[in-house]
Amino acid sequence: MKIAVFSSKPYDRDFLQAANEAYQYELSFFEPRLTAETVELAHGFDAVCVFVNDRLDASVLPRLAEGGTRRIALRCAGFNNVDLAAAERLSMQVVRVPAYSPYAVAEHTTGLILALNRKIHRAYARVREGNFALSGLLGFDLHGRTVGIVGTGQIGTVFTRIMAGFGCRLLGHDPYPNAECQGLGMSYVPLSTLLAESDVISLNCPLTPATHHLIDAEAIAQMKRGVMLINTSRGAVIDTKAVVDGLKSGQIGSLGLDVYEEEGDYFFENLSEQVIADDVLARLISFPNVLITGHQAFFTADALRSIAETTLGNLRDLEQSGHSKNQVRPPQG
Ligand code: NAI
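Residues numbered from 1 in each chain as written. Predicted model: local features only at pLDDT ≥ 70, side-chain atom pairs only at ≥ 80, totals over all residues. Heavy atoms only, no water.

### Some points on the overall build of the protein chain
1) Next: Helix and strand content of the protein chain: 12 helices and 12 strands.
2) Next: Its C-alpha atoms give the protein chain a radius of gyration of 21 Å, near enough to 20 Å, the size a compact globule of 333 residues would have.
3) Next: For the protein chain, the distance from the average position of its 29 positive side-chain charges to the average position of its 37 negative side-chain charges is 4 Å. (Helix = DSSP H or I, 4+ residues; strand = E, 2+ residues; numbered from the N terminus. Rg over C-alpha atoms; globule rule 2.2 N^0.38 Å. Lys, Arg positive; Asp, Glu negative; His and termini not counted. Charge placed at Lys NZ, Arg CZ, Asp CG, Glu CD.)

### Brief notes about the site of the ligand
1) Next: Tyr 100, Gln 154, Ile 155, Asp 174 and Asp 258 are the nearest of the 24 residues found near the ligand.
2) Next: Measuring from an oxygen atom of the ligand, one finds a backbone N or O atom of Ile 155 at 2.9 Å.
3) Next: For the ligand, the protein covers 84% of the area, taking 870 Å² as the surface of the free molecule.
4) Next: Grouping the constituent residues of the shell around the ligand by class yields 11 nonpolar, 10 polar and three charged. (Near = heavy atom within 4 Å. Polar contact = N/O pair within 3.5 Å; in protein donor to acceptor, adjacent residues only side chain to side chain. Areas by Shrake-Rupley, 256 points an atom, 1.4 Å probe, with all protein chains shown as cover. Nonpolar A, V, L, I, M, F, W, Y, C, P; charged D, E, K, R; others polar.)

### Observations concerning the sheet that holds strand E2 (residues 26-29)
1) Next: Pairing within the open sheet is parallel, and its five strands lie in the order E2-E1-E3-E4-E5. The open sheet is flanked by E2 and strand E5 (93-95), the only strands paired with a single partner. Looking at each pair of strands side by side, their axes are set apart by 20° on average, direction ignored.
2) Next: The pairing of strand E4 (residues 71-74) with E5 spans three bridges and is parallel. When the sheet's bridge partners are listed, Ala 73 is paired in E5 with Val 95.
3) Next: Taken strand by strand, helix H1 (residues 10-20) contacts strand E1 (2-5) and E2, and its axis lies near 180° from that of E2.
4) Next: Helix H12 (residues 301-321) rests against E1, E2, strand E3 (47-50), E4 and E5 of the sheet, and its axis sits at about 155° to E4. (Pairing = 2+ DSSP bridges. Axes fitted to C-alpha atoms, helices over the stretch in contact; angles between N-to-C directions. Contact = heavy atoms within 4.5 Å.)

### Quick look at the side chain of Asp 258
1) Next: Along the chain, Asp 258 turns up in the loop between strand E11 (252-257) and helix H11 (279-286).
2) Next: The buried charged residue Asp 258 lacks any salt bridge partner; its closest oppositely charged side chain belongs to Arg 234, at an N-O distance of 7.3 Å.
3) Next: Side chain to side chain, Asp 258 and Thr 293 meet in a polar contact 2.6 Å long.
4) Next: Those residues in contact with Asp 258, other than ones at most four positions away along the chain, are His 108, Leu 112, Asn 231, Thr 232, Glu 263, Phe 267, Thr 293, Gly 294, His 295, Gln 296 and Ala 297. (Buried < 20%, exposed > 50% of the residue type's maximum accessible area, 1.4 Å probe, protein only. Salt bridge = Lys/Arg side-chain N within 4 Å of Asp/Glu carboxyl O.)

### Details of the pattern of salt bridges
1) Next: Scanning the entire structure with this criterion turns up nine salt bridges.
2) Next: Between Arg 55 and Asp 57 there is a salt bridge, and its shortest N-O distance comes to 3.6 Å.
3) Next: Under the relative-accessibility criterion, Asp 57 is labelled partly exposed at 24%.
4) Next: The partner of Arg 316 in a salt bridge is Asp 317, with the nearest N and O atoms 3.8 Å apart.

### Some words on the domain arrangement of the protein chain
1) Next: Split by domain assignment, the protein chain resolves into domain 1 (2-100 + 301-328) and domain 2 (102-292).
2) Next: Here domain 1 and domain 2 have C-alpha centroids that lie 30 Å from each other.
3) Next: On the side of domain 2, 10 residues touch domain 1, which itself brings 12 residues to the contact.
4) Next: Carbon and sulfur atoms make up 51% of the area that domain 1 and domain 2 hide from each other, which totals about 890 Å².
5) Next: For domain 1, the biggest contributors to the area lost against domain 2 are Lys 9, Asn 53 and Asn 80; these three give 44% of the whole.
6) Next: The interface formed by domain 1 and domain 2 contains two salt bridges. (Domains from an automatic or database assignment. Buried area = accessible area lost by both parts, 1.4 Å probe.)

### Description of the packing of aromatic side chains
1) Next: Within this structure, the stated rule accounts for seven aromatic pairs.
2) Next: Centroid distance Tyr 23 to Tyr 25: 5.7 Å. Interplanar angle 20°. Geometry classified as stacked.
3) Next: Members of the aromatic cluster, joined through ring pairs, are Tyr 11, Phe 51, Phe 268, Phe 298 and Phe 299.
4) Next: Seen from the ring of Phe 45, Lys 2 lies directly overhead, with NZ or CZ sitting 5.0 Å from the centre. (Phe/Tyr/Trp six-rings, centres within 6.5 Å; stacked < 30°, edge-to-face > 60°. Lys NZ or Arg CZ within 6 Å of the ring centre and 35° of its normal.)

### Some points on the packing of helix H4 (residues 102-118) against helix H6 (residues 154-165)
1) Next: Following both chains from N to C, one finds H4 and H6 inclined at 50°, their axes separated by 8 Å at the closest point. Considering their axes alone, H4 and H6 lie oblique with respect to each other. For H4 against H6, the interelement crossing comes out right-handed. Contacts between H4 and H6 pair Pro 102, Tyr 103, Val 105, Ala 106, Glu 107, Thr 109, Thr 110 and Ile 113 from the former with Gln 154, Ile 155, Val 158, Phe 159, Arg 161, Ile 162 and Met 163 from the latter. (Parallel < 35°, antiparallel > 145°, perpendicular 65-115°, else oblique. Left-handed = near helix turned anticlockwise from the far one by under 90°.)

### With respect to the packing of helix H10 (residues 240-249) against H11
1) Next: Look at H10 against H11: their axes get within 10 Å of each other, and the N-to-C directions meet at 30°. Taken together, the axes of H10 and H11 are roughly parallel relative to one another. For the pair H10 and H11, the sense of crossing is left-handed. In contact with Thr 240, Lys 241, Val 244, Leu 247 and Lys 248 of H10, H11 contributes Val 280, Arg 283 and Leu 284.
2) Next: Split into classes, the residues belonging to the contact of H10 with H11 amount to four nonpolar, one polar and three charged.

In structure tokens form, the structure reads like this:
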């Protein structure tokens, strides 16, 4: 099978090539993202292997199909960047990696909370300047605080375990309550209750029409003043402009982001020689109580190994049996 790997970085190449020892597929690596401008690169490939910021919308998919591509292998869990209905109409099969390391994302989420609370990012910079003063670094004990988790699937469950270990009170919001989380002491509550009672709110749900801008001005107004908000899910789950207003007013006390609504133009690239044209992103970076990482929550060696193995395994399943347990289809009805 000929596979065109888009948005590929040296680390993708290393892990996919190692996993491919067992498959011997023909892998071609392309650095650009898959978009309407780059889709011709996929001409003649049986499959494309794509990541979170590749665009597989109704303008790209027909041209992929014209070029002979019938399989789309996402090397990520989220599939909000694929028009599944258009793919199905074109008889294209879509597979993803539903769980590669929920630990990687849950642990990074915890890292953002600890760094923001104890201002570790600021302390690091201060100490390097010979400034050992503590003013401005005051945090709070996580023990006994209320942590609200929106989305208690694979990642949310691991994160619940970690927060249970810290001795936090746990509130959850999810259309499908999870018995393991309940066993750890989580109470499932309506979103409005979670927003009103949580000291720390972590978003661990997928981006869907129902969760798009779930955290908007109205939701922020319901939160505790000074709340810590963490988003390691997908950028558009929060209305970033409303969050900037919340930070300016002090309603949001601190913000940890691993994802950003408009991250496609910035994340995964070294743009340190350029001016950031996105005023919202530039404003976010300017706050002392905001910590942003560039979609790195998944980025552990364990996760990359698992992603590469599952991605090639998914394609082999499609090739050999015509289907895969990790196939994604448009919602029915
Ligand atoms: P999962 O599918 O196991 O869990 C998602 C949970 O969210 C499910 O329990 C689902 O019922 C719940 N949910 C759906 N709609 C909801 C709503 N309206 N309100 C509250 N909960 C809702 O997915 P998993 O593996 O836990 O991943 C969650 C998300 O994390 C992914 O969809 C992806 O967008 C993001 N992610 C981010 C990564 C990063 O590097 N920052 C890496 C991997 C995933």
